Amino acid sequence: MQALRITSFGAPYTLTNIPVPSPSTLRPHDLLVKVAVASHCHTDTIIRLGAVTSVPLPLTGSHEGSGTVGAVGSSVAADGSFKPGDRVMCGIPLGLCGSCGDCTATGKGREGGEHYKHYCAHIDGHIGIQVDGVFAEYAIVDSRTSTVIPEGVSLLAAAPLGCAGRTAWRAVKEAGLQPGQWLGIVGSGGGLGHLAVQFATKMGLKVVGIEARDGGLELTREMGADVVVDARRGKDEVVREVGKAVLGDDGKEVDHNGLFATGGVDATVNLSDADDAAGLACAITKMHGLMVQVAQPLEVKIPFMELILRDVRIKGSLQCSGEESEELLKFVAEHGVKVKMTPFYGLDQVEELEKVVSSGKLQGRAAIIVDPHQLQHEKEIVGH
């Protein structure tokens, strides 16, 4: 089969032929997936350029994938969770240990059990990062982190939802807000941000979107944010604008230093890895509020006055559990969430894809159509 492999850090992907994984080698919880769509994430560039030098090479790239189940492991066959022919959004963690505290935790809701299984510290690796990913015609993924795609969600949409969607969904949920409350989203017009804006507004939240690119500002408005602020105006002006929107025209709860005394959005999700983004996310959050950090710069920098003087809490968030992923896809199908994408046809188009990504003009996600026949079959059979 064809696959895009990282063979040397800093070098372009190598398009090569490698053996198709044999169904006989599948472990009990494995799925062999015939890949339809492989989406590109910023992490893919980080890995290819060698920012994480512990990555084993050669490695098949991409961790955002969708396709059709070709074969299943023995445990999957026994429990019937997947069967050959099912459309699947690929899971990212591969090889959950099944015995650590995160894998075995009990309890329901957001405080334990299923909610934390994807944090298992004893996995084989994340596909496309430590183990082979979905920039290939076939891939092996873990059934316990993968999700059957429901009617109403296409293979094309499911691929970027596999990381961008899962990550944005959980971050919005972790904010813990109720309909009518205010959520700030820093980096609202990117691949994750445009999804987070839709998730939040369709949950009944009021959204302040903050972006630093013209295209991102436009996309934030298109996705339905209640207030859109240009981050290039500087922190003090952004804080004032958010204050006017949330507190009224007088912004009376903003002190003379531009810091919210008690007001601001109820919680903020930071999706931007800009150097000052985390500090800005805290600055627009009300006193005693919550900032959910999703972006992954090497260092998260927050001025003490935003954190300590105003008692802003910070919480990290990563991807989704299996249960949350099912919830995500159901929500996407029922609420008509739009996934903005730029498709490229064929693995040999990866260099063109990366040019568009690096141009800064991309809206949403870029993805490679690995197997157009699956998309055509989906249209004919499912009616997408």
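Everything that follows concerns the structure shown earlier in this document.
The structure displayed is predicted, hence computed values, not measured ones.

Draft legend 1. Focus on the sheet that holds strand E4 (residues 59–60). A sheet is described by the order of its strands in space; here 3 strands give the open sequence E2-E1-E4, paired in antiparallel fashion. Lying at the two open borders of the sheet, with one neighbouring strand each, are strand E2 (14–17) and E4. The sheet contact formed by strand E1 (residues 2–6) and E4 spans 2 bridges and is antiparallel. What sits directly across from Ile6, in E4, is Leu59.

Draft legend 2. Representation of the environment of Arg87 within the structure. Tracing the chain through its elements places Arg87 in strand E6 (residues 87–89). Arg87 sits 220 residues away from Leu307 along the chain, and the two C-alpha atoms are 44 Å apart. Within the structure, the side chain of Arg87 is placed 2.9 Å from the backbone oxygen of Pro150, a separation counted as a polar contact.

Draft legend 3. The arrangement of helix H10 (residues 322–335) in detail. Along its 14 residues, H10 runs 20 Å from first to last C-alpha, staying within 8% of the 20 Å computed at 1.5 Å per residue. For H10, every residue scored as buried is listed here: Gly322, Glu324, Ser325, Leu328, Leu329, Phe331 and Val332. In this structure, the buried residues of H10 make contact with E6, strand E10 (147–148), helix H4 (155–174) and helix H5 (193–202). Directly beyond the C-terminal end of H10, a positive phi value near 65° is found at Gly336.

Draft legend 4. Representation of the nonpolar core in the model. By size, the foremost hydrophobic cluster in this structure holds 47 residues, and its most contacted members are Val153, Leu161, Leu183, Leu195 and Phe199. If you list the elements that add at least two residues to this core, you get strand E3 (30–40), H4, strand E11 (182–186), H5, strand E14 (265–270), strand E15 (285–293), H10 and strand E18 (365–369). Counting residues per element, this core draws most heavily on H4, which supplies 10 residues. In terms of nonpolar packing, the next biggest core, distinct from the first, is built from 31 residues, Phe82, Val134, Leu347 and Ala366 among them.

Rules of the game
- Residues numbered from 1 in each chain as written.
- Predicted model: local features only at pLDDT ≥ 70, side-chain atom pairs only at ≥ 80, totals over all residues.
- Heavy atoms only, no water.
- Pairing = 2+ DSSP bridges.
- Helix = DSSP H or I, 4+ residues; strand = E, 2+ residues; numbered from the N terminus.
- Polar contact = N/O pair within 3.5 Å; in protein donor to acceptor, adjacent residues only side chain to side chain.
- Expected span 1.5 Å × (residues − 1).
- Buried < 20%, exposed > 50% of the residue type's maximum accessible area, 1.4 Å probe, protein only.
- Contact = heavy atoms within 4.5 Å.
- Core = buried A, V, L, I, M, F, W, Y, C linked by side-chain atoms within 4.5 Å.

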